Amino acid sequence: MASLVPYTGPWTRREAAHLLRRASFGGSVAEVDAAVAAGLSSTITSLFTPLPTPAPPSNVEDGSKWVPDSGKVWTTTAVLADPNDSSTSTAYDIRKGSGFYNGITKTWWTKRMATVPASIQEKLTLFWSNHFATEMSVVQNGIFSFELLAYLRANAFGNVKSMARRVTLDAAMLRYLNGNVNTKGSPNENYARELQELFTIGKGPEVSQGDYTTYTEQDVRAAARVLTGWRDFGVRDITITGGDRDYRDNQPKNPPIFPDNPNVVFITSQHDTGDKQFSPRYGNRVIKGRNTLQGAIAELDELLDMIFEQDATAEYIVLRLYRWFVCSDINDEIRRDIIKPLAAQLRSNNYAVGPVLKTLFSSQHFFDEALRGGQLRSPADMVIGLMRAVPTWKPLLTASLEVRFYSALATSLAGQQMDLNEPSSVAGWEAYYQSPDFDRMWLTTATLPLRNGFTDALLVNNNSLGRKPILDTVAFVRDLSDANDSLRLIEQLNEIFFAVPFTEQTTMMLAEEVLMNGGRYYEWATLWNAYLAAPSNSSAFNAVRTPLDRLFKYLFRLAEFQLG
Amino acid sequence: MKTPTLTKGLSRRSFIARATGAVTLPMILNGLPLQAFDGPVLHDLYNVEAETDRVLVLVQLNGGNDGLNTVLPLKDYSTYQKLRTNIAIPERSGLKLTDEAALHPSMTGLQELWNEQKLGIIQGVSYPNPNLSHFRSTDIWMSASASNVNETTGWLGRYLNLEYPDYPAGFPNATMPDPIAIQMAAVVGLTLTGLEHQSMGIALQDPETFYRLVSGTDAPGSDLPSTKLAASNITYVREVQSKSMQFSAVIKAAADKAKNIETYPTGNRLADQLKIVARLIAGGLKTRVYVVQLGGFDTHAGQTDATEPTMGTHANLLQQVSAAMTTFQRDIEKLGVAERVIAMTFSEFGRRSFANESYGTDHGTSAPMFFLGNLAQDGITGTSPKLTGLKDGNLETQYDFRQIYASILEQWFGAKKSVVKQVLFDSFDTVKVIKGQTTSVDETPSASTQAFTLAAVAPNPVRSDATISYDLHTEGLVHMNLFDNLGLHVATLVSEYQSSGPHSIPVSASPLPSGSYVIELRMGNERAHKVMVVAR
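Cut-off values and rules
Residues numbered from 1 in each chain as written. Chains lettered and ligands numbered in written order. Predicted model: local features only at pLDDT ≥ 70, side-chain atom pairs only at ≥ 80, totals over all residues. Helix = DSSP H or I, 4+ residues; strand = E, 2+ residues; numbered from the N terminus. Buried ≥ 20, exposed ≤ 12 C-beta atoms within 10 Å, placed from the backbone. Contact = placed C-beta atoms within 7 Å. Pairing = 2+ DSSP bridges. Axes fitted to C-alpha atoms, helices over the stretch in contact; angles between N-to-C directions. Parallel < 35°, antiparallel > 145°, perpendicular 65-115°, else oblique. Left-handed = near helix turned anticlockwise from the far one by under 90°. Nonpolar A, V, L, I, M, F, W, Y, C, P; charged D, E, K, R; others polar. pLDDT = per-residue confidence, 0-100.

Caption draft 1: Geometry of the overall build of chain B. A tally of helices and strands in chain B yields 12 helices and 19 strands. Looking at chain B as a whole, 55% of its 536 residues qualify as buried. Partitioning the intrachain contacts of chain B with sequence separation of at least 6 by distance along the chain shows that 72% fall at a separation of at least 24.

Here's what the structure looks like:
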């Protein structure tokens, strides 16, 4: 029976690695061993300890600052170079195009995921960027996209309801889902629909035309009217008078409404002041129309109160979290014993996600053997997970080559179909919603070869690392105990890299057919001891490196390796 | 008998036989005494190959394409203009097709193909109780389910699975050495999900890279962990591994064999995909379905430029669609495979009749579908969309998209009505989407025999007994002979004076060795041929 009762079973490398893989992107041998020593409870505490707020990335070309300080708008004096003056080259230069700055953000984000101390925060940030999905290439404003991500990171453990409120009024989101053109008399339904369908209450079965069980088409239209009048400080609607700000003359017509979210303005005349009638799905609620800024905020709050009062909302959000962190195979038992209780906890904790995830990661259910390997690795689990698991490259990377190195990793993620902050649509990556395949969609005849290419390349000399490979297999193995015992060696690699144990037969096959290339498994000890006796002897070194490279390459190409 | 042989009455088995005939053809031609066949036999054999290799290219326009600005409703232009003052395409800019319809001005390529009678448009396609969510509506189109049913298999997946029942077990094989379907993307969509939830297609982006990355793959291991979930995941990954390996070589070989003749537009995502599809088809892949996609049609805002309604996001998208599809059509014409290929567009929904103030349109319902190809039924099917008296500005449905699917399955792939019903969960009236059977064996010049129609051999392949049916349009002396694959006479099946009307004769294949045979029906100077495959 699926149970949220705290897990009290064995706590070995296998369980610790499972927790680190799921709650984070996986750990190195040292991190896994540290978690084993610390125990489950303190490991969870440390995974859930917020990381210090990072400084935003600077311009990779000249080191200049382009993200405004927190709460500051995009102004000439603080950050914006005058786009009409070709002599300025600092700060956010719109002539470079948003793609330039978005590239910086992706590279910087990739580096964080690969190098921050073991934490759930970056994985949650990735989750939220997929849940409250936007696409940088559509938003076309590097600052807006960065600031949304910074918000999601800072509030990763946070209150989903307040996140929904902030995201509704986020400049990037206003652009992405056309909230910034949602106008009295001509409502644009795009955001109002996705807010309900994807971000909060989720869509149930369509029981009659336009009735999706949890909400209806009427609610989409009514919510769109509630949300009329909000604008980003963008360039899109510079002709609108009364509140928008034109970056060219840079004169704010109104001071920022929200000190911590300064890129958003409200145009009273474009807000629909009529009453908004919702369907029976929301108890025929009427949100009274108002004609002031404070009134429009009150309307939004009433809308979100109404949505978050429904049981379906907490359940939908827990379902999304469960699919992301545990498994997409959700049966009635899991719905009853896991999803519903966690949803109740989410509501009673005023929509804070952190405690709910702690309950989940501490539970018997999470450590249930039957669920191990029940998820395929996402590209981030694959790429970032490997970078974290094989830290032999870290000392080799010089600051000057960092950008190139991490940007190549971001490109690998994109190639494997997880382009950061560029999901395939507002529904996020298909792996997290498209039934019946879900996470299997990450792995196709097109992407599996790319994964093979990526793991093969770990063993090849890398130009950013002074022509040394990312994974130095000999150095990696030297840090393991009993490395001269080939069977024990393979067992340890299995504990660190694999979600499910090898059978004895597979372990023996790997030792004799792969590592020893047809020799006997015990002959490995001779090679390894010879190397340890003379580590600087190049022929002794090569005698162990070649078999180890062969073993790792093979391991990473095993189907079992794709299980997260 | 007026019903064309190809489009009706073909059983699944006989359909497979068509593929089998195609596969065995190289053996017939390869170093064997072809001269044993007379001209018409050879001629028909080539046509047999052609008809067995019919390809459907599915062009998915993601986001909900605005039908009214794609095919302008000239019939009620003034209402259209009023509904969409800010984004209406000026009447004089439209590329006129008929008195009632014009194409968006950026679709000049498709207009040329219209003039050449290679473009068909079906108006007002949607389904009852339309769903306005992108994701749900896309699923509905891909699964061909009723809008209140969540179906987790795809319409082409189901169809192909009925054709190739055990897939992926036992594939590739001699009958189907190539991927059954290819989606030119990183992921295969629901459209191709088969009855057992297996994907009937493979995902492919670039043949060369694919080959390079796959070569060196090992597919080791046969043992599975004892836990169910992990075991099923590992099994899945191993299947992907083995499919990648199996197909990488054939795909590369096909891609290497054919070169594009036309120059495709650059910076056009659809053209990039179609360019590879053309090479793979011309290179000889027996793949039956290709899926290509272009996104960006969710034009809630900025669909047109504020000052110039013929420009803007939607114009760029339609220009890409038109240029890509036109170049593709020209390319396959020059590559000599155009008779085998039909392209069909679809989008999850159309958009509202009226524009919003952000120079865009919101999610709507019905929209036109395009059919392109030498054999596409040209012209406009259906009427110009009604623009007045609409509910919430949602355009009315003239055709259920499943009618269109049924039509393609029957008329292009020759699926039996009972099979189509199984695939689409119901029977649907068809509309004409394919022109007359100009390439079928029965209507080739010689067979053009007004005198008779040689129908299918059933079952085919045949294990023991089969029946050959034919229809005489006139009475006369009939000769039917059976030849082996060397062109040698095996048996005389009919040699007598027969009355007009339907006839059928039994053939016992029991004494015949496995292989392909040719049945020739002759009346006077007119002949027609059928391949019969004996398999045990």
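Caption draft 2: Spatial organisation of the overall build of chain A. What chain A contains, in helices and strands, is 24 helices and six strands. Long-range pairs, those at least 24 residues apart, make up 70% of the contacts in chain A between residues at least 6 apart in sequence.

Caption draft 3: Quick peek at the environment of A:V116. Residue and element names in this part refer to chain A. Relative to the assigned elements, V116 resides in the loop between α4 (98–115) and α5 (121–131). Once the C-alpha coordinates of V116 and L51 are considered, the two residues, 65 residues apart in sequence, prove to be 8.4 Å apart. With residues near it in sequence (within four places) discarded, V116 still touches L51 and E122.

Caption draft 4: Representation of the pairing of strand β8 (residues 289–294) of chain B in the model. Residues and elements named next belong to chain B. Most of β8 is tucked away, with five of its six residues classed as buried. Taken together, the six bridges between strand β1 (residues 55–61) and β8 define a ladder with parallel strand orientation. Counted as the bridge partner of V57 is Y290 from β8. Sheet topology places strand β6 (residues 181–183) next to β8; three bridges connect them, and they run parallel. Looking across to β8, one finds that A181 is bridged to V289.

Caption draft 5: View of the packing of helix α6 (residues 155–163) of chain B against helix α12 (residues 417–424) of chain B. Residue and element names in this part refer to chain B. Direction vectors running N to C along α6 and α12 enclose 135°, while the axes themselves pass 9 Å from each other. Taken together, α6 and α12 sit at an angle that is classed as oblique. As for how α6 packs across α12, the hand of that crossing is right-handed. Within the contact between the two elements, α6 uses W155, R158, Y159 and L162 and α12 uses V419, Q422, V423 and L424. Here the contact of α6 with α12 is composed, by residue class, of six nonpolar, one polar and one charged.

Caption draft 6: Region of interest: the interface of chain B and chain A. Every contact between the two is made by 46 residues of chain B and, on the other side, 50 residues of chain A. Looking at the side of chain B that touches chain A, the elements with two or more residues in it are α5 (134–143), β7 (201–203), α7 (207–214) and α8 (228–257) of chain B. It is α8(B) that provides the largest number of residues to the side of chain B that touches chain A, a total of 13 residues. Partitioning the side of chain B that touches chain A into residue classes produces 21 nonpolar, 18 polar and seven charged.

Caption draft 7: Seen up close, the sheet that holds strand β19 (residues 526–534) of chain B. Residues and elements named next belong to chain B. Reading across from one edge, β16-β15-β18-β19 is the order of the four strands in this open sheet, with antiparallel pairing throughout. On the outer flanks of this sheet lie β16 (489–498) and β19, each paired with one strand and no other. Shown here is a sheet whose adjacent strand axes are inclined to one another by a mean of 15°, direction ignored. Where strand β15 (residues 476–483) and β16 come together, eight bridges link them in antiparallel fashion. Residue pairing in the sheet places V478 in a bridge with E496 of β16.

Caption draft 8: Local environment of the sheet that holds strand β13 (residues 452–458) of chain B. All names here are of chain B. With antiparallel pairing, three strands are arranged side by side in an open sheet as β13-β14-β17. The open sheet has two free edges, formed respectively by β13 and β17 (501–508), since each of these has just one partner strand. Taken over all neighbouring pairs, the strand axes of this sheet differ in orientation by 20° on average, direction set aside. Of the strand pairs in this sheet, β13 and strand β14 (residues 465–472) are connected by five bridges, and their pairing is antiparallel. Its bridge partner lying in β14, A458 is registered against T467.

Caption draft 9: Spatial organisation of the confidence of the model for chain B. Residue and element names in this part refer to chain B. Here chain B shows a mean pLDDT of 81. Residues at 70 or above account for 85%. Low pLDDT (under 50) marks residues 1–52, which in the prediction has 106 contacts with non-local residues, meaning those over four places away or in another chain. Contacts for the low-pLDDT stretch residues 437–448, under 50 throughout, to residues beyond four places or in other chains number 37 contacts. Under the prediction, the complex receives an ipTM of 0.87, its pTM being 0.68.

Caption draft 10: Structural detail: the packing of helix α22 (residues 504–515) of chain A against helix α24 (residues 538–557) of chain A. All names here are of chain A. Where α22 contacts α24, the axes come no closer than 9 Å and their chain directions differ by 125°. Classified by the interaxial angle, the pair formed by α22 and α24 is oblique. The element α22 and its partner α24 pack so that their crossing is right-handed. From α22, L510, V514 and L515 reach across to α24, where they touch P547, R550, L551 and Y554. Per-class residue counts for the contact of α22 with α24 are six nonpolar, no polar and one charged.

Caption draft 11: Representation of helix α11 (residues 217–226) of chain A. Residues and elements named next belong to chain A. Counting buried positions along α11 gives nine out of 10 residues, so the element sits mostly inside the fold. For α11, the full list of buried residues reads E217, D219, V220, R221, A222, A223, A224, R225 and V226. Those residues of α11 hidden inside the fold are in contact with α10 (190–199), β3 (276–277), β4 (286–287) and α12 (293–308).

Caption draft 12: Quick look at unusual backbone geometry. Residue A:P436 is bonded to the preceding A:S435 through a cis peptide linkage, with omega at 0°. Relative to the helices and strands, A:P436 is located in the loop between α18 (402–415) and α19 (447–457). Even without being glycine, A:N350 reaches a positive phi, approximately 50°. Although it is not a glycine, B:Y359 adopts a positive phi angle of roughly 55°. Inspection of the secondary structure puts B:Y359 in the loop between β9 (341–347) and β10 (367–372). The exposure class assigned to B:Y359 is buried, which follows from the 23 C-beta atoms found within 10 Å.

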